[in-house]
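A look at the structure
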Amino acid sequence: MANVNDFKIVALKSKKIFEYTFPEKAGSFSDIAKERFGFYHLILENFTRPHEDSQASCTIIDTDYCKKMHNVDTDDLGIDAVYLSYDPEDSESEPSETIEIKLFNFKYRETFKPGSGSGDSELSRSMKFLEFISQGTLLDTSINELVHKTINKIIKLLESKTLCNFTLYVVSNEGGGFPEQSSEYIKALRRNYELEIV
């Protein structure tokens with residue numbers, strides 16, 4: 001379990017990553033916003049390493065992030081970022097033996113609360129995104145373009161002949177994980193969506 005100093009270290013690193021990555025925007029955001037958006041990049045860097053693979057793509061689709069960073073209106077449908085180890089639109093070669101599809105649901109808390117963690121609400125919010133994927137129907141990209149394009153890429157990968165590992169990461173700067181009562185819900189999600197939940 002994380003303690004208050006771990007919480008502070010994550011906040012400091014997240015803020016530094018934001019200021020390093022977006023120096024031109026650093027003066028336009030509050031410290032909390034820099035920490036929150038920097039947290040996204042900190043986690044993605046540590047869980048995906050997209051710069052190490054030219055076939056990979058990593059897209060932050062969070063509603064608030066897209067609006068404040070790129071002035072783009074979007075509905076993230078409960079998923080804040082998507083990593084694909086192979087992007088069918090940007091790759092000219094064939095994928096490796098297995099494609100990694102990683103979905104991220106971020107929860108950045110402004111204050112430390114010992115024992116606090118993720119709950120069913122974070123998981124259920126992600127269900128909207130997962131439902132569109134499970135239907136297998138390509139979506140109209142003239143509506144909610146960034147999110148629908150991302151879902152369409154995932155559908156195409158899942159329908160391909162290449163094996164896919166499908167993982168949902170619910171990541172928070174808090175110390176606690178899922179409460180014990182969430183275990184049955186997590187099992188159902190794993191079973192229904194062939195999805196690993198971390």
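Residues numbered from 1 in each chain as written. Predicted model: local features only at pLDDT ≥ 70, side-chain atom pairs only at ≥ 80, totals over all residues. Heavy atoms only, no water.

1. Looking at the sheet that holds strand 3 (residues 98-107)
To be explicit about the condition: Here, strands pair whenever DSSP counts at least two bridges between them. A run of DSSP states H or I qualifies as a helix once it reaches four residues; a run of E qualifies as a strand once it reaches two. Both are numbered from the N-terminal end. The contact criterion used is simple: two residues touch if any of their non-hydrogen atoms lie within 4.5 Å. Here, axes are lines fitted to C-alpha atoms. For helices the fit covers the stretch in contact, and angles between N-to-C directions go from 0 to 180 degrees.
What the 5 strands build is an open sheet, ordered 1-2-3-4-5; its pairing is mixed. Both edges of this open sheet fall to strand 1 (57-60) and strand 5 (196-197), since each of them pairs with a single strand only. As judged from the 4 bridges shared by strand 1 and strand 2 (residues 81-84), these two strands associate in the antiparallel manner. Bridging across to strand 2, T59 finds its partner in V82. Across the sheet, helix 2 (residues 31-47) touches strand 1, strand 2, strand 3 and strand 4 (163-172), and the angle it forms with strand 3 is around 155°.

2. Let's talk about the pairing of strand 4
Filter applied, for reference: Partly exposed describes any residue whose relative accessible area lies between the buried limit of under 20% and the exposed limit of over 50%, with all areas from a 1.4 Å probe on protein chains only and scaled to the type maximum.
Counting buried positions over the 10 residues of strand 4 gives 7, a clear majority of the element. Here strand 3 pairs with strand 4 via 10 bridges, running parallel. The residue bridging K102 from the neighbouring strand is T167, located in strand 4.

3. Focus: the environment of E100
Stated formally: For the purposes of these results, a polar contact is taken to be a pair of N or O atoms within 3.5 Å, where, inside protein, one atom must be able to donate a hydrogen and its partner to accept one; residues adjacent in sequence count only when each atom of the pair is a side-chain atom.
With respect to the helices, strands and loops of the structure, E100 is situated in strand 3. Considering only alpha carbons, one finds E100 and Y83, 17 residues apart in sequence, at a separation of 7.7 Å. Here N165 takes part through its side chain, which lies 2.9 Å from a polar atom of the side chain of E100.

4. Describing the confidence of the model for the protein chain
Stated formally: As a per-residue measure, pLDDT reflects the predictor's confidence and takes values from 0 up to 100.
Confidence in the prediction of the protein chain, expressed as mean pLDDT, is 86, and 86% of residues score 70 or more. Per-element averaging of pLDDT across the protein chain places helix 6 (residues 183-193) at the bottom with 77 and helix 3 (residues 63-70) at the top with 96.

5. Brief notes about the packing of helix 2 against helix 3
Selection rule: Roughly parallel covers angles under 35 degrees, roughly antiparallel covers those over 145, roughly perpendicular covers 65 to 115, and oblique covers all other angles. Asp, Glu, Lys and Arg are counted as charged, while Ala, Val, Leu, Ile, Met, Phe, Trp, Tyr, Cys and Pro are counted as nonpolar; the rest, among them Gly, fall into the polar class.
Between helix 2 and helix 3, whose axes approach to 11 Å, the crossing angle comes to 110°. With respect to helix 3, the element helix 2 is oriented roughly perpendicular. Residues R36, F37, Y40 and H41 of helix 2 form the contact with helix 3, whose participating residues are D64, Y65, K68 and M69. In terms of residue class, the contact of helix 2 with helix 3 is built from 4 nonpolar, 1 polar and 3 charged.

6. Observations concerning the packing of helix 1 (residues 4-21) against helix 2
In contact at an axis separation of 7 Å, helix 1 and helix 2 are set at 85° when each is read in the N-to-C sense. Classed by the angle they form, the pair helix 1 and helix 2 counts as roughly perpendicular. Contact with helix 1, carried on its side by V10, A11, K13, S14, K15, I17, F18 and E19, involves D31, K34, E35, F37, G38, F39, H41 and L42 of helix 2 and no other residues of that element.

7. Some details on the packing of aromatic side chains
Put simply, the test is: Between 30 and 60 degrees the pair is tilted, below 30 it is stacked and above 60 it is edge-to-face, where a pair is any two Phe, Tyr or Trp rings, Trp via its six-membered ring, whose centres lie within 6.5 Å.
On inspection of all chains with the given rule, the structure shows 14 aromatic pairs. Measuring from ring centre to ring centre gives 5.8 Å for Y40 and Y65, while their planes differ by 35°; the resulting arrangement is tilted. Of this pair, Y40 sits in helix 2 while Y65 sits in helix 3; the two residues are 25 residues apart in sequence, bridging distant segments of the chain. Each member of the pair, Y40 together with Y65, is buried. By the ring-pair criterion, three or more aromatic residues cluster together here, those being F18, F22, F29, F37, F39, Y40, F47, Y65, F104, F106, Y108 and Y169.

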